[in-house]
Amino acid sequence: MDLLNAMNAPQKEAVMTTEGPLLILAGAGSGKTRVLTHRTAYLIQEKKVDPYHILAITFTNKAAGEMRERIDRLVGFGSEAIWVSTFHSMCVRILRRYIDRLGYDTNFTIYDTDDQKSLMKDICKRLEIDTKMMKEKMFLSVISSAKNEMIGPIEFANRAVGDFTKRKQAEVYAEYQRALKQNNALDFDDLLLLTVELFKLDKEVLTNYQERFRYIMVDEYQDTNTVQFELIRLLAMKYKNLCVVGDDDQSIYKFRGANIYNILNFEKQFEDAKVIKLEQNYRSTQNILDAANAVIQNNIGRKAKRLWTENGEGEKIQLEQLDNSYEEADYVVRDIDRKVRNHEYRYQDFAILYRTNAQSRLFEERFISKNIPYKIVGGVNFYARKEIKDVLAYLKTIGNGHDDLSVQRILNVPKRGIGATSIGKIMDFSIEHGCDFYEALCHADAVPKLGKAADKVRPFVNLIESMRVLSQNKDVVELIKAVLDQTGYVAELVAEGTDEAQARIENIDELISKAADYMQTAETPSLNDFLQEVALVADIDSLDEDTDYVVLMTLHSAKGLEFPNVYLTGMEDGLFPSYMSITSDEIDGNGANSEVEEERRLCYVGITRAKEHLTLTAAKSRMVRGETQWSKLSRFVKEIPDDLLKGSYSREREVPRFESPGFQNTPVRKYVSPSQQRQFESATTGAMNLNYGVGDRVSHMKFGEGTVTALVSGGRDYEVTVDFDTVGTKKMFATFAKLKKL
DNA sequence: GAGTCCGTAGTTTTT
DNA sequence: CTACGGACTC
């Protein structure tokens, strides 16, 4: 049949294995999306499965959208009955229907990271926790990990006996959860956790969904966490037609609770599971794949596989080590500019990838000055911007009066002369009477000692009430415009007249167009439905293939994407792999530093994004927190065999060593740029002999052994920071320290 | 209650 | 270096 044409043998097998548990180990670029979509079509057309019984889960909305589109094209009529969804939006959909069985209101609000932070701040204040000693962030991450492992507040408390910090955490966890419930709000982790709880508590609901989802497919399975696993397990328990697709080499979200053993142990967890490997790559050249294989094979404890391709060898991988981060940005941008001018490629054929968001700035500056269109994915999420959050807080308040956090956010935005003291008094009142913050506002006259502030509260309540009436007619665009109009929010920004205010206005306009777009596409538009959609978008979702711009993003965001030209930038030890991971002592079951292994997988992901040309760049020095950091080439680069590489770089040298010219044996290949030559010459005029760099182990006469954590150029000398094993961190001048490399 | 200034901490990664 | 938060002042 047509569906199987032009597929290789394992792909065909994956498509035709429709019954029972199936693990598809799909290497990068091996056509897994194609397999998933064709498998879906096969289920419907050949196996006569009702589309209503199929569920496909992805990680991002973008992936879900793409899959939906491709399935629609393949299946045609009836395909809309298939659930194609992210974990989170699937859970929201289920919870909106049944969460009242867990004692929540179905109108619940979803709290994002920002909301969580402000809630946590309140809680710490209330529990009189010294946030200098215990950070809000720490509590949130502890709670998140607990939720990911499905440990509730009570169990957490039971495990916390004895340990003071743990007991405090348990106390905060319980209070946090209570506050969320009182606000009728759920955080991201709750969406998953409460769905699992619902399934476990209410067999009727579970059976209902088990009957519905008789065929389940999960994409990016290597990034699922324990709750997600449980969710899938429960759903698939009855019919056992579970197909998961993933690549253990691309597991890069451990920090977020992803459990790599979900994929490594799939065959143990699901009896009689079949495993199919897809190793033929259709994306990259052989050279790129060789490099990727060379890097990833340094990881221990992975499922054996080796990518191959029928594509040609292709170009060698360009490796450029520049003097500093400015030259790195310059090199990359000029290279892109040149290739576009030569009509070899268009802007959209290029992606610049980096480890940390902070690295994007230098590239951005270059793009602006050269007038090259670009798009930065990530950084501050659109929906996390202040002005957007303000508008959304109005909408949330209108839609859900129990959401105290949103009400408090906007009560004095724009300024109404209601300050912290008044808010405190109202809060006390609401706690005393066991009512919502908003309810307290409605009875402002009854709040003791509020005085004149009560007169300022009244217009606010009237505003919200009139907006609630307006929201009845379901037009979100009209509602937003009315809010902006009535509050004078935009007018205030216009009056400000700064560039920043202008940018905020543009963002608000964009929100309005998004709302307009929503009104057009939603089946049954409503305020709450709009808010939930908005709460679950990721920045990557906004990436548009049809617009001609260069894309800049972190390696994490790049997963699942591909580009003809990829620049992996900042390939320096200490940056990538990060200093944190290098010095981590977390050892996995195989005796390897599991954090460096995760970074290596990230590198593997980066390399395999490239279809035709891969360029690796590194800077010898870069400004980090206002200090010049010197680093050597990333260890990952050194894992790539020499014969796959071309370009100007030095394998060994990292820190400028101030040696006598006679000792010069820098293995610079092929070409030494004039600037490099100049640097060498000026360097040789010094009299120092530094043979160590950041990350190296050194010994000091008095302090013993330690690791170099920073190397700052300070005129003629270098200021070295060393983290000593016994005496802690010391800063010293290299001339006097007389450190010996170990 | 609001605005300004100064000090400190922070850089992984995000649904 | 930058961004945020806290303290201080008007």
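Only a predicted model underlies this, so the values are computations on that prediction, with no experimental measurement involved. (Residues numbered from 1 in each chain as written. Chains lettered and ligands numbered in written order. Predicted model: local features only at pLDDT ≥ 70, side-chain atom pairs only at ≥ 80, totals over all residues. Heavy atoms only, no water.)

## What about the overall build of chain A?
As a reminder of what qualifies: For helices the rule is a DSSP run of H or I covering at least 4 residues; for strands it is a run of E covering at least 2, with both sets numbered from the N terminus onward. Three labels apply to residues, based on accessible area from a 1.4 Å probe with only protein chains included: buried if under 20% of the type maximum, exposed if over 50%, partly exposed otherwise in between. Two residues qualify as a contact provided that any one of their heavy atoms is within 4.5 Å of a heavy atom in the partner residue. For accessible areas, the Shrake-Rupley method is used with a probe of radius 1.4 Å. Any residue's cover is judged against the shown protein chains and nothing else. Counted as positive: Lys and Arg. Counted as negative: Asp and Glu, with His and the chain ends omitted from the count. Every charge is mapped to an atom, namely NZ of Lys, CZ of Arg, CG of Asp or CD of Glu.
Each helix and strand in chain A was counted, giving 31 helices and 23 strands. Dimensions of chain A along its principal axes, counting C-alpha atoms only, are 85 × 70 × 60 Å. Considering chain A as a whole, with its 742 residues, one finds that 55% of them fall into the buried category. By sequence separation, contacts in chain A at least 24 residues apart represent 73% of the contacts at least 6 residues apart. Element-wise, carbon and sulfur atoms account for 50% of the exposed surface of chain A, whose accessible area totals about 33300 Å². Computed over 99 positive and 112 negative side-chain charges, the separation of the two mean positions in chain A equals 3 Å.

## Structural notes on helix α24 (residues 499-521)
To keep things clear, this is the line we draw: Multiply 1.5 Å by the residue count of a helix minus one, and that product is the helix's expected span.
Taking 1.5 Å per residue, 23 residues should reach 33 Å; α24 reaches 33 Å between its end C-alpha atoms and fits that length. Lining the buried residues of α24 we find α17 (386-399), α22 (476-487), α23 (489-496) and α25 (527-535).

## Quick notes on the pattern of salt bridges
The cut-off we apply is this: Salt bridges are identified by distance alone: a Lys or Arg side-chain nitrogen within 4 Å of an Asp or Glu carboxyl oxygen.
For the structure shown, the criterion picks out 51 salt bridges. D337 is paired through a salt bridge with R341; the nearest N and O atoms lie 3.0 Å apart. Residue D337 and its partner R341 are both found in helix α15 (residues 325-341); the two are separated by four residues, about one turn of the helix. Where R355 meets E599, a salt bridge forms, and the shortest distance between an N and an O atom there is 2.4 Å. Here R355, found in the loop between β12 (350-354) and α16 (360-370), pairs with E599, found in helix α28 (residues 594-607); they are 244 residues apart in sequence, far enough to count as distant. Residue E599 is classed as buried on the basis of its relative accessible area of 7%. Taken together, the shared-partner salt bridges connect K32, D219, E220, D223 and K559 into one network.

## Some points on the protein's contact with DNA strand B
Counted only if it meets this: Distances are taken per atom, and a residue is near a molecule or strand as soon as one of its heavy atoms is within 4 Å of it. Two N or O atoms form a polar contact when they lie within 3.5 Å of each other; inside protein one atom must be a possible hydrogen donor and the other a possible acceptor, and for residues adjacent in sequence the pair counts only when both atoms belong to side chains. Residue classes follow a fixed rule: Ala, Val, Leu, Ile, Met, Phe, Trp, Tyr, Cys and Pro count as nonpolar, while Asp, Glu, Lys and Arg count as charged, and any other residue, Gly among them, counts as polar.
Lining the immediate environment of DNA strand B, one finds 24 residues, of which K137, R355, T421, S422 and A538 sit closest. The protein-proximal atoms of DNA strand B, defined as those within 4 Å of the protein, are 56% sugar or phosphate. K137 places a side-chain nitrogen or oxygen 2.7 Å from a phosphate oxygen of DNA strand B. A distance of 3.3 Å separates a phosphate oxygen of DNA strand B from a polar atom in the backbone of G417. For the surface near DNA strand B, the secondary structure elements donating two or more residues are α19 (420-433) and α26 (555-558). When the residues that make up the surface near DNA strand B are grouped by side-chain class, the tally is six nonpolar, 11 polar and seven charged.

## A closer look at the sheet that holds strand β8 (residues 274-278)
We count it as follows: Two strands form a pair only when DSSP identifies at least two bridges running between them. Here the axes come from fitting lines to C-alpha atoms, over the contacting stretch only for helices, and the angles between their N-to-C directions go from 0 to 180 degrees.
With parallel pairing, six strands are arranged side by side in an open sheet as β3-β2-β6-β7-β1-β8. The strands lining the two open edges of the sheet, one partner per strand, are β3 (83-86) and β8. Across the sheet, the axes of successive neighbouring strands diverge by a mean angle of 15°, strand direction being ignored. Where strand β6 (residues 215-218) lies against strand β7 (residues 242-246), three bridges are found, and the strand directions are parallel. Looking at the pairing, V218 lines up with V244 of β7. Sheet strands touched by helix α3 (residues 61-75): β2 (54-58) and β3. Its angle to β3, the strand with the most contacts, is close to 165°.

## With respect to the UniProt feature "binding site: ATP" (unreviewed entry) in chain A
How we decide: UniProt positions are given in the numbering used here, feature names are shortened, and annotations may be inferred rather than shown by experiment. Grid spacing is 1 Å over the protein atoms alone, the probe is 1.4 Å, and a cavity is where that probe fits but cannot get out, while a pocket is an open set with protein on both sides within 12 Å along at least five of seven lines and lining residues have an atom within 4 Å of a point.
As annotated by UniProt and renumbered to match this structure, "binding site: ATP" (unreviewed entry) occupies A26, G27, A28, G29, S30, G31, K32 and T33. Lining the largest cavity, from this annotated set, are A26 and K32. Mapped onto the fold, G27 is located in the loop between β1 (22-26) and α2 (32-45). In this structure G27 touches D247, Q250, L278 and L307, once residues within four positions along its chain are discounted. Within the secondary structure layout, T33 lies in helix α2.

## Regarding helix α6 (residues 136-148)
Helix length check: α6 (13 residues) gives 18 Å between terminal C-alpha atoms against 18 Å at 1.5 Å per residue, within 8%. Of the residues trailing α6, M150 is marked for its positive phi of about 60°.

## Considering the pairing of β2
For clarity, the threshold we go by: Seen with the strands pointing away from the viewer, any crossover whose path from the first strand over the helix to the second strand runs clockwise is right-handed.
The element β2 is largely enclosed, with a buried count of five among its five residues. Here β2 shows a buried face lined by I54, A56 and T58 and a second buried face lined by L55 and I57. In terms of handedness, the path from β2 via α3 over to β3 forms a crossover that is right-handed.

## Things to note about the packing of aromatic side chains
We count it as follows: Only centres within 6.5 Å qualify two rings of Phe, Tyr or Trp (six-membered ring in Trp) as a pair; their planes then separate them into stacked at under 30 degrees, edge-to-face at over 60, and tilted for everything else.
Considering all chains together, one arrives at 15 aromatic pairs under this definition. On the basis of an interplanar angle of 55° and a centroid distance of 5.1 Å, the ring pair of W83 and F213 is categorised as tilted. With W83 in strand β3 and F213 in the loop between α10 (203-212) and β6, this pair connects stretches of sequence that are 130 residues apart. Side by side, W83 and F213 carry an identical accessibility label, which is buried. Centroid distance Y209 to F213: 6.0 Å. Interplanar angle 20°. Geometry classified as stacked. For the pair formed by Y209 and F213, the shared burial category is buried.

## Notes on the side chain of H613
In this fold, H613 is placed in strand β16 (residues 610-624). Here the side chain of H613 touches Y345 through a polar contact of 3.4 Å, side chain to side chain. The residues touching H613, leaving out its near neighbours within four places in the chain, are I288, E315, K339, Y345, P564, N565 and V566.

## Let's talk about the pairing of strand β15 (residues 563-568)
Taking burial as the measure, the six residues of β15 include six buried ones, the bulk of the element. Across four bridges, β12 lies against β15 in parallel orientation. Looking at the pairing, A351 lines up with V566 of β15. Two strands pair when backbone bridges link them, and β15 and β16 are joined in this way by five bridges, in the parallel orientation. Residue Y567 lies in a different strand from β16, and its bridge partner there is T615.

## Quick look at empty space enclosed by the protein
Over the atoms, a rolling probe the size of a water molecule traces out where space has been left empty. Basically, it comes down to this: Grid points are joined across faces, edges and corners, and a volume is the space filled by probe spheres set on the points.
Enumeration over the complete set of coordinates arrives at two cavities of 30 Å³ or more. Estimated volume of the largest cavity: approximately 40 Å³. For the largest cavity, the full set of lining residues is A26, K32, D219, E220, Q222, V245, G246, D247 and Q250.

## Brief notes about the packing of α6 against helix α8 (residues 164-182)
As a reminder of what qualifies: We call two directions roughly parallel when the angle between them is under 35 degrees, roughly antiparallel when it is over 145, roughly perpendicular when it lies between 65 and 115, and oblique otherwise.
Relative to each other, α6 and α8 sit at 80°, their axes nearing to 10 Å. One way to sum up the angle between α6 and α8 is to call them roughly perpendicular. Taken together, the residues of α8 that come into contact with α6 (itself represented by M138, F139, L140, V142, I143, A146 and K147) are K168, Q169, V172, Y173, Y176, Q177 and L180. A breakdown of the residues in the contact of α6 with α8 according to their chemical character gives 10 nonpolar, two polar and two charged.

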